[in-house]
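# Structural overview for review
Letter by letter, the chains look like this.
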Amino acid sequence: MEIDIKFFDSITSTNEIAVQNSIKDKEFTIYLANYQTKGRGRNNRNWYSPPGENLYFSFILKPKIKTSLLSVIPILAGYSVLKTIERYLKGKKVYLKWPNDLIVNNKKICGILTEYKNKTVIVGIGLNINSREFPELEGNVPTSLIKETGKYFDRLNILLNFMKNFKDIYQTFLKFHEINSPILKEINEKLYLKDKIVEIKFKDKSEKGIVNYINKDGALVISGKKIYAGEIIKIEY
Ligand code: BTN
């Protein structure tokens, strides 16, 4: 598998640099950092990115698909991280929180920030691997592979496994223009907050309903209504 990895010991944010280079870069160019000084999360949050501990990377995609299908890509990226890490977390179920957070033990282990610029999709992944301590943050409490298993993990090995998983899943998606049904079935088996009442916020609008499922276009169906973008902000158990 041919992939081009651009490695930085320290960088502001791999997403920021990938966005700047998005026109000239080829598909699957990866920006990987040992440390991010301004790691970015969704909705203007920071992403905790201490040196040497976790994976912080962004990669470039140039899919030839209609714009309405772009929201599938973050879900496929989240699912590929799930497939990559579940083998290390034997006995602990990994959940996908729509659209693309990964949750273990009710705590967030991975966040994904997807941007779309110049007909390019930039997928930025922060996967907590070897951090034992985290600053207090709003929203989901963080966790990491080391916290859940007590074991130290090789970051590059995990990155390469992820890219292999993602490439296969992404290429199948490009062929059929929808999430293929065995994958969709598994995504829905691992859907966080399924059957729970949630509130989803997008810009200044919000919707409340019961989480039903993710459909083949990547929309979250809550109380029968399709939601294409937003963030689950409130949960009633
Ligand atoms: C989230 O808020 O859940 C998304 C977090 C995304 C963090 C990753 S780390 C690598 C890439 N570079 C960034 O600045 N952000 C993403």
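Here's a quick rundown of the structure. Quantities reported herein were computed from a predicted structural model and do not represent experimental measurements.

This brings us to the environment of G78. Note on placement: G78 falls in helix 2 (residues 72-86). On the accessibility criterion, G78 (0% relative accessible area) is buried. Not counting the four nearest positions on each side in its chain, G78 is found in contact with L96, N100, L102 and I112.

Closest axis-to-axis distance for the helix 2/helix 5 (residues 181-189) pair is 11 Å, and the angle between their directions is 75°. Classified by the angle between their axes, helix 2 and helix 5 sit roughly perpendicular to one another. Contact with helix 2, carried on its side by I75, Y79, K83 and E86, involves I183, E186 and I187 of helix 5 and no other residues of that element. The residue inventory of the contact of helix 2 with helix 5, partitioned by class, reads four nonpolar, no polar and three charged.

Here the focus is the site of the ligand. Close contacts around the ligand come from 21 residues, with S13, Q36, R40, R42 and K108 the closest. In the model, a nitrogen atom of the ligand is placed 2.9 Å from a nitrogen or oxygen of the Q36 side chain. At 2.6 Å, a backbone N or O of R42 approaches an oxygen atom of the ligand. With the chains in place, 99% of the 420 Å² that the ligand exposes on its own is no longer accessible. Of all elements in the fold, only helix 1 (14-20), strand 3 (55-61), strand 6 (107-117) and strand 7 (120-127) reach the threshold of two or more residues within the shell around the ligand. By residue number, the principal contributor to the shell around the ligand is strand 6, which donates four residues. Its residues placed into classes, the shell around the ligand shows six nonpolar, ten polar and five charged.

Turning to the sheet that holds strand 2 (residues 29-33), a few remarks are in order. Strand order in the open sheet formed by seven strands is 1-2-3-7-6-5-4, with mixed pairing between adjacent strands. Edge positions in the open sheet fall to strand 1 (4-8) and strand 4 (94-97), since each of these has one partner strand only. Neighbour to neighbour, the strand axes of the sheet diverge by 20° on average, direction disregarded. In the sheet, strand 1 pairs with strand 2 via five bridges, with the strands oriented parallel. Across the sheet, the residue bridging to K6 is Y31, located in strand 2. Packing of helix 2 onto the sheet brings it into contact with strand 3, strand 4, strand 5 (101-104), strand 6 and strand 7, and relative to strand 4 it is tilted by some 170°.

Within helix 5 the residues assigned to the buried category are I183, L184, E186, I187 and N188. Where helix 5 is buried, its residues meet helix 2, strand 4, helix 4 (155-176) and strand 9 (205-214).

Turning our attention to the nonpolar core. Core analysis: the biggest nonpolar cluster contains 60 residues, and F57, F59, I85, I125 and L127 have the highest contact counts within it. By residue number, the principal contributor to this core is helix 2, which donates nine residues. If near-sequence neighbours (up to four positions away) are discounted, F57 is found in contact with T14, I30, Y31, L32, V123, G124, I125, L159, F162 and M163. With eight residues, the next largest nonpolar core counts I11, I17, A18 and I60 among its residues.

Before going further, it helps to spend a moment on the packing of helix 2 against helix 4. In contact at an axis separation of 9 Å, helix 2 and helix 4 are set at 135° when each is read in the N-to-C sense. By the angle between their directions, the pair helix 2 and helix 4 is classed as oblique. As helix 2 packs across helix 4, the resulting crossing turns out to be right-handed. Contact residues: helix 2 offers V72, I73, L76, A77, Y79, S80, V81, K83 and T84, while helix 4 offers I158, N161, F162, N165, F166, I169, Y170 and F173. A breakdown of the residues in the contact of helix 2 with helix 4 according to their chemical character gives twelve nonpolar, four polar and one charged.

Turning our attention to a nonpolar patch on the surface. Taken together, the side chains of I5, F7, L156 and L160 present a nonpolar region at the surface, about 350 Å² in accessible area. Those elements that provide at least two residues to the nonpolar patch are strand 1 and helix 4. Along the chain, I5 falls in strand 1. Residue I5 is classed as partly exposed on the basis of its relative accessible area of 31%.

Quick notes on the rules
Residues numbered from 1 in each chain as written. Predicted model: local features only at pLDDT ≥ 70, side-chain atom pairs only at ≥ 80, totals over all residues. Heavy atoms only, no water. Helix = DSSP H or I, 4+ residues; strand = E, 2+ residues; numbered from the N terminus. Buried < 20%, exposed > 50% of the residue type's maximum accessible area, 1.4 Å probe, protein only. Contact = heavy atoms within 4.5 Å. Axes fitted to C-alpha atoms, helices over the stretch in contact; angles between N-to-C directions. Parallel < 35°, antiparallel > 145°, perpendicular 65-115°, else oblique. Nonpolar A, V, L, I, M, F, W, Y, C, P; charged D, E, K, R; others polar. Near = heavy atom within 4 Å. Polar contact = N/O pair within 3.5 Å; in protein donor to acceptor, adjacent residues only side chain to side chain. Areas by Shrake-Rupley, 256 points an atom, 1.4 Å probe, with all protein chains shown as cover. Pairing = 2+ DSSP bridges. Core = buried A, V, L, I, M, F, W, Y, C linked by side-chain atoms within 4.5 Å. Left-handed = near helix turned anticlockwise from the far one by under 90°. Patch = residues over 30% accessible without salt bridge, like charges linked within 9 Å, V, L, I, M, F, W, Y side chains within 5 Å. Salt bridge = Lys/Arg side-chain N within 4 Å of Asp/Glu carboxyl O.

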